[in-house]
Number of protein chains: 2
Amino acid sequence: MFQDVSQTESPSDLPAFLQKRQKLTLDYNRSCRLDTGNPQSVLHVVGTALKAKLNRSAPPSSKFFSVKCTSNVRYIISPPPQETSHLSPIPLSENSVLLISMNYASQYENDAKLSVRYYGENNDVLGRAVLHLTAVEISLDVDADRDGRVERNNPNKVSWKWGPDGHGAILLVNCDSEKIFKKKPDHEKDYVSTVSDLKDMSVMVLRTKGPTKLPEGYKLTMHISQGDAESVRVFRSRSSNVVNNSLEKLFQRFVKDYPLVLSSEVLSQEVPYVGGEAEMNLYVEGLRFPDKDFDGLLTINLSLLEPICAGLPETPIFTDKVVFRVAPWIMTPNTLQPVEVFVCSTSDNYQFLKGMKNLVAKSGYKLKICHEYLNRGDRWMQDELEFGYIDSPHHRFPVVLDSPRDGKLQDFPYDELLGPDFGYVTRVAQEKDVSSLDSFGNLEVSPPVTVNGKKYPLGRIIIGVAFPTATKGRNMTKVVQDFLWAQKVQEPIALFSDWLLVGHVDEFMTFVPAPDRKGFRLLLASPDAGYKLFRGLQYDGHGQAQLFEGLRDEKPMTVDEILNDESLKAENNYVQSCIDWNRDVLKRELGLDDDDIIDLPILFKLEEEKNKQYRAVAYYPDMVNMIVLGKNLGIPKPFGPKVNGRCALEAEMCSLMGGLGLSCTFIDDFASYHKLLGEVHCGSNVRREPFDFQWWNLQM
Amino acid sequence: MFQDVSQTESPSDLPAFLQKRQKLTLDYNRSCRLDTGNPQSVLHVVGTALKAKLNRSAPPSSKFFSVKCTSNVRYIISPPPQETSHLSPIPLSENSVLLISMNYASQYENDAKLSVRYYGENNDVLGRAVLHLTAVEISLDVDADRDGRVERNNPNKVSWKWGPDGHGAILLVNCDSEKIFKKKPDHEKDYVSTVSDLKDMSVMVLRTKGPTKLPEGYKLTMHISQGDAESVRVFRSRSSNVVNNSLEKLFQRFVKDYPLVLSSEVLSQEVPYVGGEAEMNLYVEGLRFPDKDFDGLLTINLSLLEPICAGLPETPIFTDKVVFRVAPWIMTPNTLQPVEVFVCSTSDNYQFLKGMKNLVAKSGYKLKICHEYLNRGDRWMQDELEFGYIDSPHHRFPVVLDSPRDGKLQDFPYDELLGPDFGYVTRVAQEKDVSSLDSFGNLEVSPPVTVNGKKYPLGRIIIGVAFPTATKGRNMTKVVQDFLWAQKVQEPIALFSDWLLVGHVDEFMTFVPAPDRKGFRLLLASPDAGYKLFRGLQYDGHGQAQLFEGLRDEKPMTVDEILNDESLKAENNYVQSCIDWNRDVLKRELGLDDDDIIDLPILFKLEEEKNKQYRAVAYYPDMVNMIVLGKNLGIPKPFGPKVNGRCALEAEMCSLMGGLGLSCTFIDDFASYHKLLGEVHCGSNVRREPFDFQWWNLQM
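Residues numbered from 1 in each chain as written. Chains lettered and ligands numbered in written order. Predicted model: local features only at pLDDT ≥ 70, side-chain atom pairs only at ≥ 80, totals over all residues. Heavy atoms only, no water.

1. Re the overall build of chain A
- Each helix and strand in chain A was counted, giving 12 helices and 44 strands.
- Expected size for 700 residues packed as a compact globule is a radius of gyration near 27 Å; at 35 Å, chain A overshoots this value by more than 25%.
- Taking the principal axes of the C-alpha coordinates as reference, chain A spans close to 125 × 50 × 45 Å.
- Within chain A, the proportion of its 700 residues that are buried is 62%.
- Considering only contacts within chain A whose residues lie at least 6 apart along the sequence, 74% involve residues at least 24 apart.
- Counting only carbon and sulfur atoms, one obtains 48% of the accessible surface of chain A, whose full area is about 27300 Å². (Helix = DSSP H or I, 4+ residues; strand = E, 2+ residues; numbered from the N terminus. Rg over C-alpha atoms; globule rule 2.2 N^0.38 Å. Buried < 20%, exposed > 50% of the residue type's maximum accessible area, 1.4 Å probe, protein only. Contact = heavy atoms within 4.5 Å. Areas by Shrake-Rupley, 256 points an atom, 1.4 Å probe, with all protein chains shown as cover.)

2. What to know about the environment of Asn72(A)
All names here are of chain A.
- Relative to the elements of secondary structure, Asn72 occurs in the loop between strand E5 (64-69) and strand E6 (74-78).
- By relative accessible area, which is 28% here, Asn72 ends up partly exposed.
- When the C-alpha positions of Asn72 and Lys53 are compared, they lie 22 Å apart, and in sequence the two are 19 residues distant.
- Ignoring sequence-local partners within four residues, the contact set of Asn72 consists of Met102, Asn103, Asp111 and Ala112.
- Within the structure, the side chain of Asn72 is placed 2.6 Å from the side chain of Thr70, a separation counted as a polar contact.
- At a separation of 3.1 Å, a polar atom in the side chain of Asn72 contacts the main-chain carbonyl oxygen of Asp111. (Polar contact = N/O pair within 3.5 Å; in protein donor to acceptor, adjacent residues only side chain to side chain.)

3. Focus: the interface of chain A and chain B
- The interface of chain A with chain B comprises 60 residues on the first partner and 60 residues on the second.
- Between chain A and chain B, a total of about 5400 Å² is buried, with carbon and sulfur atoms accounting for 51% of that surface.
- The largest share of the area that chain A buries against chain B comes from Arg33(A), Arg56(A) and Thr469(A), three residues that together contribute 13% of it.
- At the surface where chain A touches chain B, the tally comes to 10 salt bridges.
- Across the contact surface, chain A and chain B share 19 residue pairs in polar contact (both at pLDDT 80 or more).
- Ranked by residues supplied to the side of chain A that touches chain B, first place goes to helix H11 (residues 566-590) of chain A with 11 residues. (Buried area = accessible area lost by both parts, 1.4 Å probe. Salt bridge = Lys/Arg side-chain N within 4 Å of Asp/Glu carboxyl O.)

4. A look at the sheet that holds strand E43 (residues 663-667) of chain B
Residues and elements named next belong to chain B.
- Reading across from one edge, E39-E40-E43 is the order of the 3 strands in this open sheet, with mixed pairing throughout. Whereas interior strands pair on both sides, the edge strands pair on one side only; in this sheet they are strand E39 (627-629) and E43. For this sheet, the mean inter-axis angle between neighbouring strands, taken without regard to orientation, is 25 degrees.
- Judged from the 3 bridges that link them, E39 and strand E40 (residues 632-636) form a sheet pairing that is antiparallel. Its bridge partner being in E40, Leu629 is matched across the sheet by Asn632.
- This element, helix H4 (residues 350-363), spans E39, E40 and E43 of the sheet and lies at about 160 degrees to E43.
- Helix H12 (residues 648-658) rests against E40 and E43 of the sheet, and its axis sits at about 150 degrees to E43. (Pairing = 2+ DSSP bridges. Axes fitted to C-alpha atoms, helices over the stretch in contact; angles between N-to-C directions.)

5. Focus: the sheet that holds strand E24 (residues 385-391) of chain A
Residues and elements named next belong to chain A.
- Spatial strand order, E21-E24-E25-E26: 4 strands in an open sheet with mixed pairing. With one partner strand each, in any of the chains shown, strand E21 (330-331) and strand E26 (423-426) form the two edges of the open sheet.
- Sheet topology note: the strand E25 (residues 396-402)/E26 ladder contains 4 bridges and is parallel. Paired with Leu401 across the bridge in E26 is Val425.

6. What about the environment of Asp415(B)?
- Tracing the chain through its elements places Asp415(B) in helix H7 (residues 412-417).
- Relative accessible area serves as the criterion here: at 39%, Asp415(B) is assigned to the partly exposed category.

7. Some details on the domain arrangement of chain A
- Here the domain parsing of chain A yields domain 1 (2-137), domain 2 (142-326) and domain 3 (330-697).
- The gap between the C-alpha centroids of domain 1 of chain A and domain 3 of chain A is 72 Å. (Domains from an automatic or database assignment.)

8. Some remarks on the packing of helix H9 (residues 527-539) of chain A against helix H12 (residues 648-658) of chain A
Residue and element names in this part refer to chain A.
- Where H9 contacts H12, the axes come no closer than 11 Å and their chain directions differ by 120 degrees. One element, H9, and the other, H12, form an angle in the oblique class. For H9 against H12, the interelement crossing comes out right-handed. Of the residues in H12, those in contact with Leu533, Phe534 and Leu537 of H9 are Ala648, Leu649 and Glu652. (Parallel < 35°, antiparallel > 145°, perpendicular 65-115°, else oblique. Left-handed = near helix turned anticlockwise from the far one by under 90°.)

9. So, the relation of the copies chain A and chain B
- Each copy superposes on the other: chain A lies on chain B with an RMSD of 0.1 Å after a rotation of 180 degrees and an axial shift of 0.0 Å. The symmetry that links the two subunits is that of a two-fold axis. Residues of chain A ranked by C-alpha distance from the rotation axis are headed by Asp293(A), positioned 2.9 Å from it.
- When the interface residues of chain A are mapped onto chain B, 100% of them again lie at the interface, so the same face is used by both copies. (Least-squares fit on C-alpha atoms with pLDDT ≥ 70 in both.)

10. Comments concerning unusual backbone geometry
All names here are of chain A.
- Look at the link from Ser78 to Pro79: it is a cis peptide, with omega at -10 degrees.
- Assignment of secondary structure puts Pro79 in the loop between E6 and strand E7 (90-91).
- Positive phi outside glycine occurs at Arg517, with the angle close to 50 degrees.
- When you line up the elements, Arg517 lands in the loop between strand E32 (509-513) and strand E33 (520-526).

11. Remarks on helix H8 (residues 478-487) of chain A
- By the criterion of burial, H8(A) is predominantly enclosed, with 7 of the 10 residues buried.
- Where H8(A) is concerned, the buried positions are Val480(A), Gln481(A), Asp482(A), Phe483(A), Leu484(A), Ala486(A) and Gln487(A).

12. Describing the pairing of E24(A)
Residues and elements named next belong to chain A.
- Counting buried residues along E24, 7 of its 7 residues qualify, which places the element largely inside the surrounding structure.
- Of the two faces of E24, the one carrying Leu385, Phe387, Tyr389 and Asp391 and the one carrying Glu386, Gly388 and Ile390 are both buried.
- Bridging between E24 and E25 involves 7 bridges; their strand directions are antiparallel. Looking at E25, one finds that Gly388 is bridged to Val399.
- Two successive antiparallel strands, E24 and E25, enclose a turn made up of 4 residues.

13. Some points on the side chain of Ser96(B)
Residues and elements named next belong to chain B.
- Within the secondary structure, Ser96 sits in the loop between strand E7 (90-91) and strand E8 (97-101).
- Assessed through its relative accessible area of 3%, Ser96 is described here as buried.
- Polar side-chain contacts of Ser96 include one of 2.9 Å to the backbone nitrogen of Ser93.

14. Focus: a positive patch on the surface
- A cluster of basic residues, Lys68(A), Lys113(A), Arg117(A) and Arg128(A), forms a positive patch on the protein surface.
- Residue placement: Lys68(A) occurs in strand E5. (Patch = residues over 30% accessible without salt bridge, like charges linked within 9 Å, V, L, I, M, F, W, Y side chains within 5 Å. Lys, Arg positive; Asp, Glu negative; His and termini not counted. Charge placed at Lys NZ, Arg CZ, Asp CG, Glu CD.)

15. Considerations on the side chain of Asn174(B)
- Topologically, Asn174(B) is positioned in the loop between strand E11 (169-171) and strand E12 (202-210).
- Only 2.7 Å separates the side chain of Asn174(B) from the side chain of Glu285(B), close enough to count as a polar contact.

16. Some remarks on the pattern of salt bridges
- Taken as a whole, this structure holds 88 salt bridges over all chains when the rule is applied.
- When the shortest N-O distance is used, the salt bridge between Arg56(A) and Asp580(B) registers 3.1 Å. Of this pair, Arg56(A) sits in the loop between strand E4 (49-53) and E5 while Asp580(B) sits in helix H11 (residues 566-590), on two different chains.
- Looking at Arg56(A), the relative accessible area reads 10%, which means it is buried.
- The exposure class of Asp580(B) is buried, given its relative accessible area of 3%.
- Asp378(A) is the salt-bridge partner of Arg405(A), the closest N and O atoms lying 2.9 Å from each other. With Arg405(A) in the loop between E25 and helix H7 (412-417) and Asp378(A) in the loop between helix H5 (372-375) and helix H6 (381-384), the pair connects residues that are 27 residues apart, well separated along the chain. In this structure, Arg405(A) and Asp378(A) share a single accessibility class: buried.

17. A closer look at the pairing of strand E9 (residues 112-119) of chain A
Residue and element names in this part refer to chain A.
- Summarising burial for E9: 6 of the 8 residues are buried, a large majority.
- The pairing of E5 with E9 spans 6 bridges and is antiparallel. Along E9, the bridge assignment pairs Lys68 with Ser115.
- Pairing of E9 with strand E10 (residues 125-141), which is carried by 8 bridges, proceeds in the antiparallel orientation.

Structure representation (structure tokens):
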């Protein structure tokens, strides 16, 4: 559309960086006024163009014009003049436009000049507009290509796209604590607590090139919107650095060297222009996770402001922008490699602890015991917290989600887990809204799945709720549900768990690794499978074999007694229908076939609650409530009927799991967990390795 | 995957409706338990399948099975048995599955039967499981294809997609008032106020077919989530109707015939099953517009619940869902056909009113005058409200957005505009957050544009704000901005208007229709164009021509005096740079060329405010602040310098607009508006015809 008639070098002479910028030129036109009265000084940003409507300030009765400039200025006239000689005056039309640009930063103020002469009918000079130009290079840079390094002026830095061919920078919520004593999550402090804190932030580089200082009154300002300020803070290094100063050197500085630039208190602040060729490191800190009212995207702006006069606000003449997305909190399914196993020690769980120690030692992982002075008798390590992590190209660390359950273990996640490179997040619910369904035994995650062609390489979160049809019923509290849905990368599935007295999905389901098919099996508690097994025992002449044999304070029951209990059968029919409903949902939402599911022989019974409502509890230790450590399973010892000296339920479990190459360890949790309505899984927690898959590579 | 071995008719015999359902079968499998103890009664929903794992309830040592059923039952066995004769027993394997379905609704309870026999090694019968089946057809239907009629069981009814090839039902916010006295928006009442109110709601039809009543204990329940309940309410007609009852007949019923089914108080409620072939009309009412925390999508569920026993919640055995999107509020640009023009009558605006009456009469539209007892001296009709509309395939009506400005006109939108088929919406801001930028002279909308290939067939909203870089400054209040952005279909653009004392975008820009190019021109106030015109006058010997001639209390100014005022020139340079910044934004965001923009000769001057800040006001009546009525423009009479008896500013305007086929009428608003810092546009408002383009056809 524009023809270049200037005398300077052709675009192919330009360095690649500037050629890329050149393409942007038409997008970054800035209207520029010519003034035939006084010469004007204009600051120009390399990579943009100044656009002057020539007729706008032409003296009356102007008919022609001519343009002259120093060799460091380029210009284009539109519509292109017919004569190619730039010396003879060009006819002035209503829509004559002059497009002015410079390809290199100035070394000195006003080291470039352009003038326009206006002529009358007879080539008599009617006026002359003079522009003195100073050029600067400015770019605010981030790691938009997600390789862990801040590249120079990525053309995609201003938008965010998912996927392996996507782009856009990533921000972590700075939710760990560099301090170990008097700690709190770092983002609760509006200063850099230690220099090591900088590695939890995203580096942003302000690159400038130009004369020693900006012309009088011009300044650089960074700014964010009020909405974004709730979620982000920006620090800078106090002094800019000549190029090639290493990151290591920066990290040796002191905390006071990193003043706060932007926050919810200061939405806009001047940043220094250093002069020459300079780079200033800025550090961007995420303050909150995506949530119902926050999609995770943040924009940080840098503007070059032009002075007008005292009392008038400066006008921005150039704005550069970068976009970040806050990394979501990600859960880790049973199929990921364990790192640490957490259990509580209580006055009465010696037997359980012994079993767990052996299992964890055998599996080769670390066992961490929360002692009684800390747990105060609350043994439900699964329920108080969920381990997850956050990930970015430059850094990654585990983050514990603290449940609003808040039993006597409530201080454990904050006091014991939060620390350097171990983050903490919670959601505060109104006390009246918190129910048993808010315990994180009711929060699980599937292994990676593909559902009708849609890939979930990080799996899907699974929670338990009341039936949507229920006029009353318990639910996971809304603030936690909103948080989980807002993370987006492990789209949740809501199951029906309110039929259980405790109400947790881990009472009827888990996932174990498998060498074939989808890489895992879904294990479901199944009263039908239980009845089938017991009927088989009866048929084979073991009707008098006893459950609960040798347990103190527990009346043994024979297989015949169980099979003859019509009420128990009816209760289990109900339980099976509830689990089947969930089975159908899981098949649909995880894209599973029947062959991906294994039914475990587990019976339930119904207990009457105060409100005359009946809800289910496990009849014998609920084997599906297991801990999964690689190929080793820690399973509640079921105390089932013995056949030839071997528990028939254990034998069945070993047979089913053995086919997948998994090894079963049965842990006696009867008195200290089962009788308190929980099992091995409820009483433990596992921190696992993160996914190899990087969440930003998801196709959304 | 499944081979059909049943004896019933082939799929091609099925009615089209059922064939479509048949495809869904695999998605709607429900796990079903076989019981060799007691015969079971099962309710089956046509279009789904019951899936029984045959081995799960097989008696011990079962090796074979056979299936028998009545002719109205279809079944499929998987894996397919090798023998095609269904009489000889089939080998039972671990993964044998029976898929059961019925193609037609039952006439009587349990009018179908299926039995499975299990055999031992020697074909000895070990057990028999019997299912008594009753089939019903159920579908919850909406207008998912957007043709204004509720079709039957649209397979896309459960999702929402934009565009001409999109789908998904649409809901209006019931924000008009059927009542004229003691009125309030209908959605604030949780009952159907008059039967005519139903037309503001979306019809949803519950279609059922089956025996006279459902088997004992089964029931139909509708439900919504707690989150959705803030935004939607559902009523039903008290009695179902035999098919083909006309909508007219329904509308003749009484209000008490429409009980409330779902609301924020009642998230789940039983709806009657009528028996035979029946349709029940339900009426869905939107309660709130899309906003920051509400994307506009709503799901309504219908479940068929199976009884278990007293004290236990029923289990849903089938759920049908429909999705609605709440229609956004849409603004109407100057290029749309006017319907009504609103102005205020005050004690001092006789001259203005006379001009407006003539203009509106000439243009052939309706003039509505808000009299003094109502406006209490507040003449800024533009600022108190913005006209828009909401649209759906079944109904459409205008909706006024009431500004949080709340001058003395504040009751006008509610008291005078709200009514039958005239909706009302507002956003309540904290008083301290409200500034002059919240007046709706600061809220405009562009004509349809295409920007870098992206189409905005409904144009883009334009608002004015402070510069993002400003450390202090006025802004449009957040609740209104959030509302505007959430409507999505006219993606807003934020301009810089805080440099103006009043701070409204209509002080420097407007759009007029044009016969060529993009169908419109953007008009911008331009001090440079003003100076150019005045310099031309001076050059032509009219330096002594006077502005403000003949105006009482206004000192006339000559062209020479204006051109010699260096301070005024500097102030206008600043104003031009502010407008140029906006010009650059508008070009980029609306995809405009310079030729799409016309600069109008308008000068400004700066006024010092209490806080020593300077902001701009128009030097003479601000011609860009005009009213656009088709091809007739009502323009503030500028009182410019006269040349040969004709105002040079008027002549220039007529010349510029005449080229577009537009006719200029200059209205004297000097004393009654201009001196109070507003003009014709600020003092008027136009309700316009909606777009022909339907918002749901947008490509998002």
